[in-house]
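# Notes for the structure review
In case you want the letters, here they are:
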Amino acid sequence: MRIMVASDIHGSIGTANRIMEVFASEKADKLLLLGDLLYHGPRNDLPEDYKPKDVIAVLNAHKVDILAVRGNCDTEVDQMVLEFPILADYIYLNSDDLVVFASHGHHYNRDNPPVFLPEGAILLNGHTHVAMDEDCGSYRYMNPGSPSIPKNGTAPSYIIIDGGKAELKNLY
């Protein structure tokens, strides 16, 4: 299964549209969203194209393709308008013998990995808005960053998981 991973859209319609364009061009089977889909949060500026109602429509149009975890800015109110589940704290996947633990990152993260993370697994997080791909010894840490509000000079990015491998790629 080919999985595209993105995070921290924060209500940006341009970002949501670009993610769906890349999802189609990558011919991915599933889109794994790592939270913070609609709201920008109190610590972030509004994205220039902040239109959460439009983002709802774009994401709902692809509801059968989406897997998602809850970000710190996602609430039950967001779940009421989104037609796919977003309130899970994490998703544990096996893809071609590759174990992937995906969460938003405000609970489990590079500095606080889950204790049950097996050797060689990938820990996926968003939350920091900083794209990363780092070997942490017993596991690999990957973060697609935020395509709408990237931080620390990182590019708007996403991750592709396919054939037992994972790659961080530039969204543009």
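As a starting point, this report considers the structure included with it. (Residues numbered from 1 in each chain as written. Predicted model: local features only at pLDDT ≥ 70, side-chain atom pairs only at ≥ 80, totals over all residues. Heavy atoms only, no water.)

## Details of the sheet that holds strand S4 (residues 90-95)
Just so we agree on the cut-off: A pair of strands counts as paired when DSSP detects no fewer than two bridges linking them. A run of H or I in DSSP becomes a helix once it reaches four residues, and a run of E becomes a strand once it reaches two; helices and strands are each numbered from the N terminus. Whenever a helix is involved, its axis is fitted only over the stretch in contact; in every case the axis is a line through C-alpha atoms, and angles between N-to-C directions fall within 0 to 180 degrees.
The five strands are arranged S4-S5-S6-S8-S7 in an open sheet whose pairing can be described as mixed. Two strands in the sheet have a free side with no partner beyond their single neighbour: S4 and strand S7 (132-135). Strand-to-strand twist in this sheet, taken as the mean axis angle between neighbours without regard to direction, amounts to 20 degrees. Bridge analysis of strand S5 (residues 98-103) against strand S6 (residues 121-124) gives three bridges, and the strand direction is parallel. Bridge pairing links Ala-102 to Leu-124 in S6.

## Section: the pattern of salt bridges
Applied cut-off: Between Lys or Arg on one side and Asp or Glu on the other, a salt bridge is scored when a side-chain nitrogen of the former is within 4 Å of a carboxyl oxygen of the latter.
Summed over all chains, the structure comprises eight salt bridges. Several salt bridges converge on common partners, so that one network encompasses Arg-2, Glu-26, Asp-162 and Lys-169.

## Some thoughts on the sheet that holds strand S3 (residues 66-68)
As summarised here, the arrangement of the five strands in space is S3-S2-S1-S9-S10, forming an open sheet in which the pairing is mixed. The two strands at the open ends of the sheet, each matched to only one other strand, are S3 and strand S10 (165-170). Across the sheet, the axes of successive neighbouring strands diverge by a mean angle of 25 degrees, strand direction being ignored.

## As for the environment of Ser-12
Selection rule: Only protein chains enter the calculation, and the probe is 1.4 Å; a residue is then buried if its accessible area is under 20% of its type maximum, exposed if over 50%, and partly exposed in between. Definition of a polar contact: a pair of N or O atoms within 3.5 Å, with one able to donate and the other able to accept a hydrogen when the atoms are protein atoms, and with sequence-neighbouring residues admitted only if both atoms are side-chain atoms.
In this fold, Ser-12 is placed in the loop between strand S1 (3-6) and helix H1 (13-26). A relative accessible area of 2% means that Ser-12 is categorised as buried. Between the C-alpha atom of Ser-12 and that of Lys-51, which follows or precedes it by 39 residues, the distance is 6.0 Å. There is a polar contact of 2.9 Å between the side chain of Ser-12 and the side chain of Thr-15.

## As for unusual backbone geometry
With the exception of glycine, most residues fall at negative phi, and the peptide bonds are largely trans. Residue His-10 is not a glycine yet carries a positive backbone phi of 50 degrees. Within the fold, His-10 resides in the loop between S1 and H1. Classification of His-10 by relative accessible area gives buried; the value is 0%.

## Comments concerning the side chain of His-129
By secondary structure assignment, the location of His-129 is in the loop between S6 and S7. Residue His-129 is classed as buried on the basis of its relative accessible area of 2%. At a separation of 3.2 Å, a polar atom in the side chain of His-129 contacts the side chain of Asp-8.

## Topic: H1
The criterion, for reference: Helix span, expected: 1.5 Å multiplied by one less than the number of residues in the helix. Residues count as neighbours in contact if any of their non-hydrogen atoms are within 4.5 Å of one another.
The end-to-end C-alpha separation of H1 is 20 Å, in line with the 20 Å expected for 14 residues at 1.5 Å each. Buried within H1 we find Ile-13, Thr-15, Ala-16, Ile-19, Met-20, Val-22, Phe-23 and Glu-26. Among the structural elements, S1, strand S2 (30-33), helix H2 (52-60), strand S9 (157-162) and S10 are those in contact with the buried residues of H1. One or two positions beyond H1, positive phi appears at Lys-27, with a value near 55 degrees.

## Description of the packing of aromatic side chains
In plain terms, the rule: Within 6.5 Å between ring centres, the rings of Phe, Tyr and Trp (the latter by its six-membered ring) count as paired, and their orientation is classed by plane angle as stacked under 30 degrees, edge-to-face over 60, tilted in between.
All told, the structure shown has six aromatic pairs when counted by the stated rule. Measuring from ring centre to ring centre gives 6.2 Å for Tyr-90 and Phe-116, while their planes differ by 50 degrees; the resulting arrangement is tilted. Taken together, the positions of Tyr-90 in strand S4 and Phe-116 in the loop between S5 and S6 put the pair 26 residues apart, joining distant regions of the chain. What makes Phe-116 partly exposed here is its relative accessible area of 39%. An aromatic cluster is built from Tyr-90, Tyr-92, Phe-101, Tyr-108 and Phe-116, whose rings are joined through pairwise contacts.

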